[in-house]
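Structural overview for review
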Amino acid sequence: MGTSVTEAAGLSRVTEADYAQRYYTDDGLVHDYLKRELADPGFVHLTPWCQRGNLLPAQHLRRKVDRHPVARHSKHQLCPPCVHERHEMRQGRPS
């Protein structure tokens, strides 16, 4: 079998703690983004968790991702695929 994009990028051991939630203005949803991408200004495009492992992942422009963390009881809607990925990881199942 071939190597997935996630494995090729060295992300095969990524955990839930490696992600942070941020609001994406274009779709109006809260997505999970890798903390290391958020911390590095060199990343112009950020890849949300729901797109990890895709051969051609949808990427979000950094300037359209709200810099501030999302409060736990935010009025913003969570991205359903990101929520599913988070649930799968909590269950210990690969996605």
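Per chain, residues are indexed from 1 in the order of the written sequence. Where totals are concerned, whole chains, interfaces and linings use all residues; where local detail is concerned, this predicted model gives features only for residues with pLDDT of at least 70, and gives and counts side-chain atom pairs only at 80 or more. Excluded from the side-chain calculations are hydrogens and water; all other atoms, namely the structure's heavy atoms, are used.

1. A short note on the nonpolar core
To form a nonpolar core, buried Ala, Val, Leu, Ile, Met, Phe, Trp, Tyr and Cys residues must be joined to one another through side-chain atoms within 4.5 Å. Partly exposed describes any residue whose relative accessible area lies between the buried limit of under 20% and the exposed limit of over 50%, with all areas from a 1.4 Å probe on protein chains only and scaled to the type maximum. In this structure, Val-14, Tyr-19, Leu-29, Leu-34, Trp-49, Cys-50, Cys-79 and Cys-82 together form the largest nonpolar core, which totals eight residues. With residues up to four places along the chain from it excluded, the contact list for Cys-82 reads His-31, Asp-32, Trp-49 and Cys-50. In this structure, Ala-20, Tyr-24, Leu-38 and Leu-46 belong to the second largest nonpolar core, which totals six residues. Contact definition: two residues touch when any of their heavy atoms are within 4.5 Å.

2. A look at the sheet that holds strand β1 (residues 19–24)
Read from one edge of the open sheet, three strands run β1-β2-β5, paired in mixed fashion. Edge strands, defined here as strands with exactly one partner in the open sheet, are β1 and β5 (77–78). Strand pairing is assigned whenever DSSP detects at least two bridges linking the two strands. The way it works is that DSSP assigns letters per residue, a run of H or I at least four long becomes a helix, a run of E at least two long becomes a strand, and they are numbered from the N terminus. With two bridges joining them, strand β2 (residues 29–34) and β5 adopt parallel strand pairing. Bridging across to β5, Leu-29 finds its partner in Gln-77. Axis definition: a line fitted to C-alpha atoms, over the contacting stretch in the case of helices. Angles run 0 to 180 degrees between N-to-C directions. The strands touched by helix α3 (residues 80–90) are β1, β2 and β5; relative to β2, the strand with the most contacts, the crossing angle is about 50°.

3. Notes on the pairing of β2
Among the six residues of β2, six are classified as buried, and the element is accordingly described as predominantly covered. Where burial is concerned, the two faces of β2 agree: the one with Leu-29, His-31 and Tyr-33 and the one with Val-30, Asp-32 and Leu-34 are both buried. In this structure, β1 lies alongside β2, joined through six bridges in antiparallel fashion. Counterpart to Tyr-24 in the pairing with β2 is Leu-29. Between β1 and β2, which pair antiparallel in sequence order, lie four residues; one of them, Gly-28, sits at a positive phi of approximately 70°.

4. Notes on the environment of Cys-79
Of note, Cys-79 is situated in the loop between β5 and α3. Judged by relative accessible area, which is 3%, Cys-79 ranks as buried. Counting along the chain gives 31 residues from Cys-79 to Pro-48, while the straight-line C-alpha distance between them is 9.6 Å. Setting aside chain neighbours within four positions, we find Cys-79 in contact with Leu-29, Val-30, His-31 and Cys-50.

5. A word on the pattern of salt bridges
Between Lys or Arg on one side and Asp or Glu on the other, a salt bridge is scored when a side-chain nitrogen of the former is within 4 Å of a carboxyl oxygen of the latter. Taken as a whole and judged by the stated rule, the model has five salt bridges. When the shortest N-O distance is used, the salt bridge between Glu-16 and Arg-90 registers 2.8 Å. Taken together, the residues span a long stretch of sequence, with Glu-16 in the loop between α1 (5–8) and β1 and Arg-90 in helix α3 at a distance of 74 residues. Taking the relative accessible area as the measure of exposure, Glu-16 reaches 21% and is therefore partly exposed. According to the relative accessible area criterion, Arg-90 is exposed, its value standing at 56%.

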